[in-house]
Structures are given as structure tokens and as C-alpha cells.
Amino acid sequence: MTLARRPLLVGEDNPYSAASHHALWCEPRRSAGGRLCYDILGCSSEMEYARLFRRTNLCARRWVASEARARVAEIVGDETNEKIILLGAKVANAFGFVFLPFTAPVMFPEMGKIFIDDRFVILPHPSGRNRSWSNPAAVPAARAALRAAGVVLP
């Protein structure tokens, strides 16, 4: 796997830092990025997380719908984005998808035709406030959805 082809994790925003390298970072351990790295994806270290995944947020420090839509256009237009993991309902909706976690988004561009866009996987937001992750089946479902999409996990 080449560096440019690493899956892209897409979050909402980082209220603590607008720096792109802080997006979904795994420190502190109890942050959304920390839960994503260690608990959900099963990485054993920061280095493994950084080696396997690229990370970005749609907005810098707070959610702004117009900023999110502009960032979505950049992400979708970037041909190096082979797999894109959307984290949370706001992010899925900004991409134009209905929030159906643990799935690849389904699109209905014409009546009677259904297309699954397997470039994307939708997961619940990894925030500690998101109760989805308290279900014991959530992490196995997330990992199964990612593997089904061809995402290499540790």
C-alpha cells in the first residue's frame, strides 16, 4: 500500500486546534482520536495509526456547514482518496449521505437504480458522548465494515 492510498478518516472539527496534524490525533488517550485509534481500529501505537491512516476534519475549530461542504468538494475531488471513512452523522450528511453506520453509503441517482459507493464507510462519531459505541457489537461491526471495504486493519 502506498502512502497516498492510506484510508482517509474524516471527522467534524477540533475545538482545541485548527492544525491539520491534530485532526483525530490519538492523544490524549480519551479523545475521539484516541478512542478511534486504540479501541475501534485496534492500533497498538501512535506510529501504527499514523502509518495506516490519514486524518482530516471538515472544519477547523467549530462546525460551519458551508466550510464543511467546501472541504467535502476537495476530498471527493482528490483522486488519491481510495477509501474514505466518514465519522458521524454530520460528516455523512455533509457528503450527501444518510447516516447509516457500519455501512457503505447507498445512493439513488435515478429511480429504480441503487448504487453502493464502496469508496466510503460510515461509522458513528468516536466521541465519548456517542452511546453507539457502548453496544458490545459496535466495534466488531465497525471492523467488519472496514474490512469489507478493503481497509487494512492492524
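Shown above is the structure to which this text applies.
Residues numbered from 1 in each chain as written. Predicted model: local features only at pLDDT ≥ 70, side-chain atom pairs only at ≥ 80, totals over all residues. Heavy atoms only, no water.

(A) Structural view of the side chain of Ser-17. One can find Ser-17 in the loop between strand E1 (8-11) and helix H1 (32-40). Within the structure, Ser-17 has its side chain in polar contact with the side chain of His-22 (distance 2.5 Å). In contact with Ser-17, not counting residues within four places along its chain, are His-22, Ala-60 and Arg-61. (Helix = DSSP H or I, 4+ residues; strand = E, 2+ residues; numbered from the N terminus. Polar contact = N/O pair within 3.5 Å; in protein donor to acceptor, adjacent residues only side chain to side chain. Contact = heavy atoms within 4.5 Å.)

(B) Region of the structure containing the sheet that holds strand E2 (residues 54-57). If you walk across this open sheet you meet the four strands as E2-E1-E3-E6, and the pairing is parallel. A single partner strand is all that each edge strand has here, and the edge strands are E2 and strand E6 (120-123). Averaged over all pairs of adjacent strands, the angle between their axes in this sheet comes to 20°, without regard to strand direction. Note that E1 and E2 share four bridges and pair parallel. By the bridge assignment for E2, Gly-11 is matched with Asn-57. (Pairing = 2+ DSSP bridges. Axes fitted to C-alpha atoms, helices over the stretch in contact; angles between N-to-C directions.)

(C) Main features of the packing of aromatic side chains. One pass over the structure, following the stated rule, counts five aromatic pairs. Seen from their ring centres, Phe-97 and Phe-120 are 5.1 Å apart, and the 65° between their planes marks the pair as edge-to-face. Taken as a pair, Phe-97 in the loop between helix H4 (89-94) and strand E4 (106-110) and Phe-120 in strand E6 lie far apart in primary sequence, 23 residues in all. Among the aromatic residues, those joined into a ring-pair cluster are Trp-25, Tyr-49 and Phe-53. (Phe/Tyr/Trp six-rings, centres within 6.5 Å; stacked < 30°, edge-to-face > 60°.)

(D) Spatial organisation of the pattern of salt bridges. Per the counting criterion, the structure on display carries four salt bridges. Residues Arg-5 and Glu-82 are paired through a salt bridge, measuring 3.9 Å at the closest nitrogen-oxygen approach. In this pair, Arg-5 sits in the segment before E1 while Glu-82 sits in the loop between helix H3 (65-77) and strand E3 (84-87), placing the two residues 77 residues apart along the sequence. Where Arg-29 meets Asp-39, a salt bridge forms, and the shortest distance between an N and an O atom there is 2.6 Å. Taken together, the positions of Arg-29 in the loop between E1 and H1 and Asp-39 in helix H1 put the pair 10 residues apart, joining distant regions of the chain. With a relative accessible area of 35%, Asp-39 lands in the partly exposed category. (Salt bridge = Lys/Arg side-chain N within 4 Å of Asp/Glu carboxyl O. Buried < 20%, exposed > 50% of the residue type's maximum accessible area, 1.4 Å probe, protein only.)

(E) Expanded view of helix H5 (residues 138-148). Taken residue by residue, H5 has Ala-138, Ala-142, Ala-145 and Leu-146 as its buried positions. Buried residues of H5, viewed axially, fall in a sector of 95°; they line one side. On the buried face of H5, the contacting elements are H1, E3 and E6. Backbone geometry just after H5 places Gly-150 at a positive phi near 90°. (Arc of directions from axis to C-beta.)

(F) Focus on the pairing of E6. Alternating residues of E6 divide into Phe-120 and Ile-122 and Val-121 and Leu-123, and every residue in both groups is buried. Across four bridges, the pairing between E3 and E6 is parallel. Residue pairing for E6: Leu-87 is matched across the bridge by Leu-123.

(G) The arrangement of unusual backbone geometry in detail. Here the amide bond leading from Glu-27 into Pro-28 is cis, since omega sits at 0°, within 30 degrees of zero. Even without being glycine, Phe-102 reaches a positive phi, approximately 70°. When you line up the elements, Phe-102 lands in the loop between H4 and E4.

Remember that the coordinates give geometry; whether it matters functionally is a separate question.
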